[in-house]
Amino acid sequence: MTLTTEQIEHYETHGWFAPIDVMSPTEANDLLQELERAEEHSPDQLHAEHRNNAHLSFDFLASVVVDDRIVDPVASLIGPDISLWSTVLFVKEPDSDAWVSWHQDGHYMGLGGENFVTAWLALTPSTVESGCVSVAPGSHRTRLDHVDTYGVSNILTRGQRVESPDPDDVVHLELEPGQMSLHHPWLVHGSQPNRSRNRRIGLAMQSYLGAGVSVQRGEHHVVSVRGEPNPDFTYVPLPGSDPTTNRHVRDEANRALASVLYDGAEQTRRL
Ligand SMILES: O=C(O)CCC(=O)C(=O)O
C-alpha cells in the first residue's frame with residue numbers, strides 16, 4: 001500500500017493525492033455503525049462541540065489511526081518515524097449549513113517544518129453535493145495570511161480564512177466510503193455545506209508527523225504510530241476497550257490543543 005513514484009510526485013507538485021482505497025465500503029460502513037452506536041451511548045463524548053481526538057477515547061477509532069493501510073501511504077511521504085498529532089471527526093448532518101472556510105492547516109498548528117500530512121478517511125459518500133473537501137492545487141507553496149471570521153456554521157475552530165481561490169483552479173476530492181485523501185499542511189482547502197440526504201463524515205488524521213517536525217508554541221500530546229519518537233512532543237497512550245479509562249488523556253490532549261489552536265484568538269471554545 002505504499003505510494004508509487006508518480007503518486008508521490010503528484011502530492012509534491014499539487015499538495016494532495018486522492019483517492020486511495022483503504023478499506024471496502026462495507027468495512028467503512030461498519031465503522032460508521034460503530035461511531036453511531038458510540039454517539040448514542042456516549043453523547044457527552046461525541047457531539048458537535050466535541051469531535052477532536054476521539055481516537056483517544058474510542059478503541060475502534062484508535063485501530064483506524066494505526067492501520068497499515070493508512071500509515072503505509074503516509075510513510076511514503078514522511079518517512080518511517082511517525083507520530084499522530086490529533087484527529088477531527090468532520091461531521092456534516094444531512095442538508096445542513098456546516099461548511100469549512102478556505103484555510104491552510106499549518107497556519108494554526110504551532111509546528112515548525114513541513115514533514116507532516118493529513119489523511120482524511122471517508123466514512124460516508126463525500127461528494128460535491130454532500131460538501132466534500134475541495135483543494136487549490138499548488139497552493140501549499142505559499143504561506144498566506146488568515147483572517148478569523150468565527151462564522152456560526154463554519155466548523156473550523158475560529159472560522160479562519162484566506163482569500164477564495166479561483167473556482168476554475170479548485171479540485172473537489174470526491175471519495176467513496178473507505179477511501180482517503182492526503183493533503184499537505186499548507187494546502188489551501190475548504191468545503192461547502194452538505195445538501196445531500198446522507199450524513200457526510202470524514203475522520204481527519206491531522207496530522208501524521210514525520211521526523212524533523214518541531215514545536216513552535218504550546219504543548220502537543222501525540223500518539224506514537226511507528227519508529228522513533230520525537231522528544232519535542234508529549235506521548236500519550238491509545239485507549240483500551242473501555243471508553244472511560246482514557247477519558248482524562250483525551251481531555252488533557254484537547255486542553256493543550258485548544259491553547260495552541262486558539263493562540264491569539266478573540267473567541268474560544270472548549271474542544
Ligand atoms: O472535512 C472538511 O470538510 C474539512 C476538512 C479539513 O479542513 C481538514 O481535514 O483539514
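Keep in mind it's a predicted model, so treat the numbers as computed, not measured.

Trainee: Sorry if this is basic, but what is going on with the overall build of the chain here?
Mentor: On a plain count of helices and strands, the chain comes out with five helices and 16 strands. On C-alpha atoms alone, the chain measures out to a radius of gyration of 17 Å, which is about the 18 Å that the 2.2 N^0.38 rule sets for 271 residues. Within the chain, the fraction of its 271 residues that count as buried is 55%. Counting only carbon and sulfur atoms, one obtains 48% of the accessible surface of the chain, whose full area is about 11,600 Å². Of note, the chain has its 19 positive side-chain charges centred 5 Å away from the centre of its 39 negative side-chain charges.

Trainee: Help me understand the site of the ligand, please; the structure alone is not making it clear to me.
Mentor: By nearness alone, 13 residues border the ligand, and Trp 120, His 189, Ser 191, Arg 200 and Gln 206 come closest of all. Note that an oxygen atom of the ligand is positioned 2.8 Å from one of the side-chain N or O atoms of Arg 200. Protein coverage of the free-state accessible area of the ligand, which is 290 Å², stands at 100%. Elements represented by at least two residues in the shell around the ligand include exactly strand E3 (87-92), strand E4 (100-103), strand E12 (189-191) and strand E13 (200-209).

Trainee: I tried to follow the nonpolar core on my own but got confused; where do I start?
Mentor: Looking at soluble globular proteins, one finds that nonpolar side chains tend to be buried together. Residues Ile 70, Leu 89, Leu 121, Leu 182, Met 205 and Tyr 208 are the most contacted members of the largest nonpolar core, which totals 43 residues. Excluding anything up to four places from it in sequence, Leu 89 contacts Leu 35, Leu 46, Arg 51, Ala 54, Leu 61, Ile 201, Gly 202 and Leu 203. Membership of the second largest hydrophobic core comes to 17 residues, among which are Tyr 108, Leu 209, Ala 258 and Leu 271.

Trainee: Sorry if this is basic, but what is going on with the pattern of salt bridges here?
Mentor: Any two side chains of opposite charge can pair, given that their charged atoms come close. Summed over the entire model, instances satisfying the criterion amount to 14 salt bridges. Put simply, Arg 199 and Glu 36 hold a salt bridge, and the shortest N to O gap is 2.9 Å. In this pair, Arg 199 is assigned in the loop between E12 and E13 and Glu 36 in helix H2 (residues 25-41), connecting sequence segments 163 residues apart. A relative accessible area of 28% places Glu 36 in the partly exposed class. The closest approach of N and O atoms between Arg 247 and Asp 44, which form a salt bridge, is 3.7 Å. Of this pair, Arg 247 sits in helix H5 (residues 247-261) while Asp 44 sits in the loop between H2 and helix H3 (59-65), and the two are 203 residues apart along the sequence. Among the residues examined, Arg 247 registers a relative accessible area of 23% and is labelled partly exposed. On the accessibility criterion, Asp 44 (45% relative accessible area) is partly exposed.

Trainee: Teacher, can you tell me more about the sheet that holds E4 here?
Mentor: Strand order in this open sheet of four strands is E4-E12-E7-E10, and the pairing throughout is antiparallel. Whereas interior strands pair on both sides, the edge strands pair on one side only; in this sheet they are E4 and strand E10 (171-172). Where strand E7 (residues 133-135) lies against E10, two bridges are found, and the strand directions are antiparallel. Bridge assignment links Val 135 to a residue of E10, and that residue is Val 171.

Trainee: Sorry if this is basic, but what is going on with the packing of aromatic side chains here?
Mentor: Two measures describe an aromatic ring pair: the distance that separates the ring centres and the angle between the ring planes. Following the criterion strictly, the structure yields one aromatic pair and no others. For the pair Phe 58 and Phe 60, a centre-to-centre distance of 6.0 Å together with 55° between the ring planes defines the contact as tilted.

About the criteria used
- Residues numbered from 1 in each chain as written.
- Predicted model: local features only at pLDDT ≥ 70, side-chain atom pairs only at ≥ 80, totals over all residues.
- Heavy atoms only, no water.
- Helix = DSSP H or I, 4+ residues; strand = E, 2+ residues; numbered from the N terminus.
- Rg over C-alpha atoms; globule rule 2.2 N^0.38 Å.
- Buried < 20%, exposed > 50% of the residue type's maximum accessible area, 1.4 Å probe, protein only.
- Areas by Shrake-Rupley, 256 points an atom, 1.4 Å probe, with all protein chains shown as cover.
- Lys, Arg positive; Asp, Glu negative; His and termini not counted.
- Charge placed at Lys NZ, Arg CZ, Asp CG, Glu CD.
- Near = heavy atom within 4 Å.
- Polar contact = N/O pair within 3.5 Å; in protein donor to acceptor, adjacent residues only side chain to side chain.
- Core = buried A, V, L, I, M, F, W, Y, C linked by side-chain atoms within 4.5 Å.
- Contact = heavy atoms within 4.5 Å.
- Salt bridge = Lys/Arg side-chain N within 4 Å of Asp/Glu carboxyl O.
- Pairing = 2+ DSSP bridges.
- Phe/Tyr/Trp six-rings, centres within 6.5 Å; stacked < 30°, edge-to-face > 60°.

From the geometry alone we can't say anything about function, so treat these as descriptive.
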